[in-house]
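In case you want the letters, here they are:
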Amino acid sequence: MTTLHINKTFIVNLIAIVNITALCSCDPAWDIDYDMPVPQEIVVEGEIENGGFAKVILSRTIGLEEQFDSLSVVDSTIRWAKVSVSDGEQTEILTGRLTPGQIPPFIYTGNTIRGIPGKTYTLTVEYSGRTLSATTTIPDPVDINRITVEKSSESDTLYQVKIHFTDTDPAHNYYKIFTQVRGRDSRFFSSFMGIFDDTMLDADGSGEVSAYRSFRHTDLDHYTPFFSHRDTVTVKFTQIPRDGFLFWSDYENEVTNGKNPIFPSMINLQGNISGGMGIWCGYGQETRTICIPDSIKP
């Protein structure tokens, strides 16, 4: 039997739920050598979008041999780091604060430097004698032409939301969708299968994509990608850099393969953090809110 030395990384908040699903979905016949020392990594989940301030969550990796539950997720959060963001002209030290209702309940946020499309931002994290860094650029947001709602073919009580847009930029562009349901979601979550590039656009640059409801591990037994009658849905449509695309593509693979007992995913997500793991990503975003109407033609 092959012996594997695995340092499976749990990136708290976004990625932890995916890895929980992956680990619970199968029972691989591997003999894992827990005695082999594996260094802990610092994991970054950071973002800055046009018109917004930087947001960063820090955590440490959790090995397979460690207990993993809601308490260990909170305990893995790093609260005493120095986190700074520079736009090339000024540098801001982010403020760490408790954020009730979010897991983990601690986030570093800025209040001076606002994101501007086309500008590059450098993130620096200093903690326990280690320095991590990454750079990202905020792409230009792509205008949403319109949002349409259709009845799902699977149910008369479920509805599908679609985004219609046009992007004539000749460069290779990448997109990510987030959704939030009023009264259900405390913040935006990754739309299921909401990552794609401009290879799916028509010759004139027009595109039509579905904005699905976010998937979470608590929805394993009853998840549907569609929305319900009278849901108020906010859709965030973003253009992202290539490294953000690679990260989110891996994330979607984790969501999909984590539920597959034949092809479980056991990889770390691609990131852009020098000296650590995770992602620092710029988002050029446009946001729209719609209410699922009382009646829609089939």
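Structure: above.
Read on for a plain summary of the structure. Numbers given to residues run from 1 along each chain, matching the order in which its sequence is written. In view of the model being predicted, local features appear only for residues whose pLDDT reaches at least 70, and side-chain atom pairs are presented and counted only at 80 or more, with totals across whole chains, interfaces and linings using the full set of residues. To get the side-chain values, take all heavy atoms of the structure and skip hydrogens and water.

Here we take up the overall build of the chain. To qualify as a helix, a DSSP run of H or I must reach at least 4 residues; to qualify as a strand, a run of E must reach at least 2; elements of each kind are numbered from the N terminus. Scanning the chain from N- to C-terminus turns up three helices and 18 strands. We call a residue buried when its accessible area falls under 20% of the maximum for its residue type, exposed when it is over 50%, and partly exposed in between, using a 1.4 Å probe and counting protein chains only. When burial is assessed residue by residue, the chain has 53% of its 298 residues classed as buried. A separation of at least 24 residues holds for 68% of the contacts in the chain among residues at least 6 apart in sequence. Only carbon and sulfur atoms are counted for the fraction: they give 50% of the accessible area of the chain, which is about 14,500 Å². Contacts are assigned to residue pairs that have any heavy atoms within 4.5 Å of one another. Note that accessible areas follow from Shrake-Rupley with a 1.4 Å probe, and for residues the cover is restricted to the protein chains shown.

Moving on: the sheet that holds strand β8 (residues 106–109). If you trace the eight strands from one edge of the open sheet to the other, you get β7-β8-β4-β3-β18-β17-β13-β14, paired in mixed fashion. A strand with exactly one partner marks an edge of an open sheet, and here the two such strands are β7 (95–98) and β14 (189–197). Strand-to-strand twist in this sheet, taken as the mean axis angle between neighbours without regard to direction, amounts to 30 degrees. Where strand β13 (residues 174–181) and β14 come together, five bridges link them in antiparallel fashion. Bridging across to β14, T179 finds its partner in F189. At least two DSSP bridges between two strands are required for those strands to pair. Only C-alpha atoms enter the line fits that serve as axes; for helices the fit covers just the stretch in contact. Angles between N-to-C directions range over 0 to 180 degrees.

Another point: the sheet that holds strand β5 (residues 82–86). One open sheet accounts for four strands, arranged β6-β5-β9-β10; its pairing is antiparallel. Looking at which strands have only one partner, the edges of the open sheet turn out to be β6 (91–93) and β10 (130–137). Sheet twist, expressed as the mean angle between neighbouring strand axes with direction ignored, is 20 degrees. Note: β5 against strand β9 (residues 120–127), five bridges, orientation antiparallel. Paired with S84 across the two strands is T124, which belongs to β9.

Pairing geometry for strand β11 (residues 144–151) and strand β12 (residues 158–166), over seven bridges, is antiparallel. Directly across from I144, in β12, lies its bridge partner F165. What sits between the antiparallel neighbours β11 and β12 is a turn of six residues.

With that settled, the discussion passes to the side chain of K176. Considering the arrangement of structural elements, one finds K176 in strand β13. A polar side-chain atom of K176 sits 2.9 Å from a polar atom in the side chain of S190. Excluding its chain neighbours within four sequence positions, the residues that come into contact with K176 are S190, S191, G194, I195, K236, F237, T238, I240, W248 and E252. Counting of polar contacts relies on pairs of N or O atoms within 3.5 Å, with two restrictions inside protein: one atom must be capable of donating a hydrogen and the other of accepting it, and residues adjacent in sequence are counted only when both atoms are side-chain atoms.

Here T136 is to be found in strand β10. A relative accessible area of 4% means that T136 is categorised as buried. Ignoring any residue separated from it by four or fewer positions in sequence, one finds T136 in contact with I48, K119, T120, Y121, P241, W280, C281 and G282.

Once that is clear, we can look at the nonpolar core. The tendency in soluble globular proteins is for nonpolar side chains to be buried side by side. Core analysis: the largest hydrophobic core is formed by 22 residues, its most contacted members being V56, L58, V83, Y108, L123 and W280. Sorting the residues of this core by element identifies β3 (42–49), β4 (55–60), β5, β8, β9 and β10 as the ones contributing at least two each. What is meant by a nonpolar core is a set of buried Ala, Val, Leu, Ile, Met, Phe, Trp, Tyr and Cys residues, joined one to another through side-chain atoms within 4.5 Å. Of all hydrophobic cores here, the second largest spans 21 residues; its members include I144, F165, F196 and V209.

Moving on, we get to the pairing of strand β18 (residues 277–291). Along β18, eleven of the 15 residues are buried, which leaves the element largely enclosed by surrounding structure. Of the strand pairs in this sheet, β3 and β18 are connected by seven bridges, and their pairing is parallel. Directly across from E45, in β18, lies its bridge partner I279. Of the strand pairs in this sheet, strand β17 (residues 232–240) and β18 are connected by eight bridges, and their pairing is antiparallel. Bridge assignment links V233 to a residue of β18, and that residue is I290.

Here we take up unusual backbone geometry. Despite not being glycine, M193 has its phi angle at roughly 60 degrees, a positive value. Within the secondary structure, M193 sits in strand β14. What makes M193 exposed here is its relative accessible area of 53%. Here R230, not a glycine, exhibits a phi torsion of approximately 70 degrees, which is positive. Relative to the helices and strands, R230 resides in the loop between β16 (227–228) and β17. Residue R230 is classed as exposed on the basis of its relative accessible area, which comes to 62%.

Only rings of Phe, Tyr and Trp enter the pairing, Trp through its six-membered ring, and a pair is recorded when the two centres are within 6.5 Å. The plane angle decides the type: under 30 degrees is stacked, over 60 is edge-to-face, the rest tilted. Throughout the structure, instances matching the rule amount to 13 aromatic pairs. Taking 5.4 Å as the distance between ring centres and 55 degrees as the angle between the ring planes, the aromatic pair formed by F165 and Y175 counts as tilted. In this pair, F165 sits in strand β12 while Y175 sits in strand β13, placing the two residues ten residues apart along the sequence. Judged by its relative accessible area of 0%, Y175 falls in the buried class. Between Y174 and F245, the ring centres sit 4.7 Å apart and the planes meet at 40 degrees, which makes this aromatic pair tilted. Of this pair, Y174 sits in strand β13 while F245 is found in helix α3 (residues 242–257), placing the two residues 71 residues apart along the sequence. Owing to a relative accessible area of 9%, Y174 belongs among the buried residues under this scheme.

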